[in-house]
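# Understanding the architecture of this molecule
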Amino acid sequence: MGHLKPREVRARIVTMGADTTNGFRWREMTCEQIAVLMTIYFTYLTTWLNLSIPAPIFPKEANRKGVNATVSGWVFGVFALVQFIVSPFYGRLLSKGFSCRSLLAFGLLVCGGCTITFGMLTLIDTTSLFVLLCFLVRILLAVACTILSNTGLVLLVQYFPNNVATLFGIGEVFTGIGLVAGPALGGVLYTTGGYILPFAALGSIAILALPFFWIFVPQQKATVAWTVLDATLEPHLRKHGIQPKIVGIMFLVMAAFYSTTSPLWGRLADKLPENRIMIVIGLILIAIGLLWLGPSPLLPFSVKYDFVWYTAVSLAIIGTAYGMCVVPTYSIYLSVLREINYPQNNSTHGMVSGLFTSMYSSGSFIGPSLGGFLYDLIGFEWLVTFVAVACSLMGFHVFVTLLVEGKAVEKQYSTDNTLI
């Protein structure tokens, strides 16, 4: 290595295993990369565990206290609204000198504390105070989860710059596990020990993980279609006599198919010359799954299948297709910045992760907030029909954009050949 300074030697060691332009190779990872990757994935798991617990049990508990589906939807949706507002400012935390390790520690502490507190709110009998504190706790939880998710994305780009989509796709397995285990464990623990137990148990996991994060993360200075079901699927299934434990399993089905297929979509996104076509196909499949889930009144036939199995198949389609839409997006952001020669540093990566989380959260806010309102107004069947049509139109828009860009490139290529 010649006469490199210690800092330069360290930089080469950090990136050596990640520089696998011909394909990702696990055996070439350094010990530090392995530790960072495990930290990132555990962050995904912890965040989504604590985030997804309320889905099968909160609407029922809120209903018992006199809170309707519209307000329950707002409680779910405020989380994403806060992420949408806060995420663009995440890059400033890095530019101000906060380390990734300190940000992860803060995020875990607040995440675990808010989850435990959210469960304790069931002890409050006054409806207005219960709703107010639910909003406050979800707002604080949103800030913590925003910090956790964005820090994970920054570390991913910093340590594995050539395999972002592949490792992002693998990371969605852990996101899916959190989405699977949260509602499933929530439903089981709720049946076993009441409303407080699932929040206390899973919130404690985040807090107990703090020492491990502090040890393994290197100290370094910083240089709608799914979420609409959060507040509405449980009331819809409850109307058909489905118990909370089975509701948790329904959320499990959707998340399980999302997590198990995401590595495939990540690998495919890294290899395709134009991975936006994955988003088009994914949006169309989501629309199909939603139409069947309702079932939509627009379908020219009536549902004659067993209700639980019919719902499970529809959710499996939605979960699989959701990965096709989400996994390629972060690498698309990064490729656009590289094309316009934007500086490749931590501040840039923080900005990109903030933008990614902000846009993701805008859909997550609109989904449950609008979903709860529309559920009360027009019912579940027309609600999912509305979202399915929106997904179809968005898929058509992306497809037309690709066609227009393709024709522009072809025209430019023809012009260049004519000049030659």
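Reading guide: rules and limits
- Residues numbered from 1 in each chain as written.
- Predicted model: local features only at pLDDT ≥ 70, side-chain atom pairs only at ≥ 80, totals over all residues.
- Heavy atoms only, no water.
- Helix = DSSP H or I, 4+ residues; strand = E, 2+ residues; numbered from the N terminus.
- Buried < 20%, exposed > 50% of the residue type's maximum accessible area, 1.4 Å probe, protein only.
- Areas by Shrake-Rupley, 256 points an atom, 1.4 Å probe, with all protein chains shown as cover.
- Expected span 1.5 Å × (residues − 1).
- Phe/Tyr/Trp six-rings, centres within 6.5 Å; stacked < 30°, edge-to-face > 60°.
- Lys NZ or Arg CZ within 6 Å of the ring centre and 35° of its normal.
- Bend = angle between axes of the 7 residues up to and from the residue.
- Polar contact = N/O pair within 3.5 Å; in protein donor to acceptor, adjacent residues only side chain to side chain.
- Salt bridge = Lys/Arg side-chain N within 4 Å of Asp/Glu carboxyl O.
- Core = buried A, V, L, I, M, F, W, Y, C linked by side-chain atoms within 4.5 Å.
- Contact = heavy atoms within 4.5 Å.
- pLDDT = per-residue confidence, 0-100.
- Axes fitted to C-alpha atoms, helices over the stretch in contact; angles between N-to-C directions.
- Parallel < 35°, antiparallel > 145°, perpendicular 65-115°, else oblique.
- Nonpolar A, V, L, I, M, F, W, Y, C, P; charged D, E, K, R; others polar.
- Left-handed = near helix turned anticlockwise from the far one by under 90°.

### Quick look at the overall build of the protein
What the protein contains, in helices and strands, is 16 helices and zero strands. By residue count, 54% of the 420 residues in the protein fall in the buried class. Total accessible area on the protein is roughly 19000 Å²; 70% of this is exposed by carbon and sulfur atoms.

### Re helix H13 (residues 276-293)
Compared with the 26 Å implied by 1.5 Å per residue over 18 residues, the 26 Å span of H13 between its first and last C-alpha is a close match. Buried within H13 are the following residues: Met-278, Ile-279, Val-280, Gly-282, Leu-283, Ile-286, Ala-287, Gly-289, Leu-290 and Leu-293.

### A look at the packing of aromatic side chains
For the structure on display, the rule yields eight aromatic pairs. Here Phe-58 and Phe-130 contribute two aromatic rings whose centre-to-centre distance is 6.2 Å and whose plane-to-plane angle is 20°, an arrangement assigned as stacked. With Phe-58 in helix H3 (residues 58-64) and Phe-130 in helix H7 (residues 127-159), the pair connects residues that are 72 residues apart, well separated along the chain. Residue Phe-58 is classed as buried on the basis of its relative accessible area of 2%. The buried category is assigned to Phe-130, whose relative accessible area is 1%. Positioned above the aromatic ring of Phe-130, the side-chain terminus of Lys-65 is 5.3 Å from the ring centre.

### With respect to helix H4 (residues 69-86)
In a regular helix each residue adds 1.5 Å, so 18 residues correspond to 26 Å; H4 covers 26 Å between its end C-alpha atoms and thus fits that length. By the largest-angle criterion, Gly-77 marks the main kink of H4, which is about 35°. For H4, the buried fraction is high: 13 of the 18 residues fall into the buried class. Where H4 begins, one side-chain oxygen reaches toward the backbone nitrogen of Thr-70, 3.2 Å away; that side chain belongs to Asn-68.

### Details of the pattern of salt bridges
The final tally for this structure, using the stated rule, is three salt bridges. For Arg-276, the salt bridge goes to Glu-274, with nearest N and O atoms at 2.9 Å.

### Quick look at the nonpolar core
If you look at the biggest cluster of nonpolar residues, it comprises 104 residues, and the most contacted ones within it are Phe-58, Phe-118, Phe-130 and Leu-315. Ranked by residue count, the leading element in this core is H7, at 14 residues. The residues contacting Phe-130, other than those within four sequence positions of it, are Phe-58, Ala-62, Lys-65, Val-67, Leu-121, Thr-122 and Ile-124.

### So, the confidence of the model for the protein
Averaged over all residues, the pLDDT of the protein equals 76, while 75% of them reach at least 70. When pLDDT is averaged over each helix and strand of the protein, the minimum, 37, is found for helix H1 (residues 6-16) and the maximum, 89, for H13.

### Re the side chain of Thr-385
In this structure, Thr-385 sits in helix H16 (residues 380-419). On the basis of relative accessibility, which here comes to 3%, the residue Thr-385 falls in the buried class.

### Quick look at the environment of Leu-197
In this structure, Leu-197 sits in helix H9 (residues 196-208). As a C-alpha pair, Leu-197 and Gly-119 span 78 residues in sequence and 7.5 Å in three-dimensional space.

### Some points on the packing of helix H6 (residues 100-120) against H9
Packing of H6 against H9 brings their axes to within 8 Å, and their N-to-C directions diverge by 170°. Between H6 and H9, the crossing angle belongs to the class labelled roughly antiparallel. When H6 is examined against H9, the residues Leu-108, Leu-109, Gly-112, Gly-113, Thr-115, Ile-116, Phe-118, Gly-119 and Met-120 are found in contact with a partner set consisting of Ile-196, Phe-199, Ala-200, Gly-203, Ser-204, Ala-206 and Ile-207. Here the residues of the contact of H6 with H9 are counted per class, giving ten nonpolar, six polar and no charged.

### Details of the packing of helix H8 (residues 164-193) against H9
Two measures define how a pair of helices packs: the angle their axes make with one another and the distance between the axes. At a closest axis distance of 7 Å, the pairing of H8 and H9 adopts a crossing angle of 130°. By the criterion of interaxial angle, the relationship of H8 to H9 is oblique. As for the relative orientation of H8 and H9, their crossing is right-handed in sense. Across the interface between the two elements, Gly-182, Leu-185, Gly-186, Leu-189, Tyr-190 and Gly-193 from H8 touch Leu-197, Pro-198, Ala-201 and Leu-202 from H9. Residues of the contact of H8 with H9, tallied by class, amount to seven nonpolar, three polar and no charged.

### Section: the side chain of Ser-296
Here Ser-296 is to be found in the loop between H13 and helix H14 (307-339). Since its relative accessible area comes to 4%, Ser-296 is described here as buried. Reaching out from Ser-296, the side chain makes a polar contact with the backbone nitrogen of Leu-298 at a distance of 3.1 Å. A polar atom in the side chain of Ser-296 sits 2.7 Å from the side chain of Thr-385. When residues no more than four places from it in sequence are discounted, the contact partners of Ser-296 are Leu-291, Glu-381 and Thr-385.

### Some thoughts on the environment of Ala-55
Here Ala-55 shows up in the loop between helix H2 (31-52) and H3. Residues Ala-55 and Gly-186 lie 131 residues apart in sequence; the distance between their C-alpha atoms is 8.4 Å.

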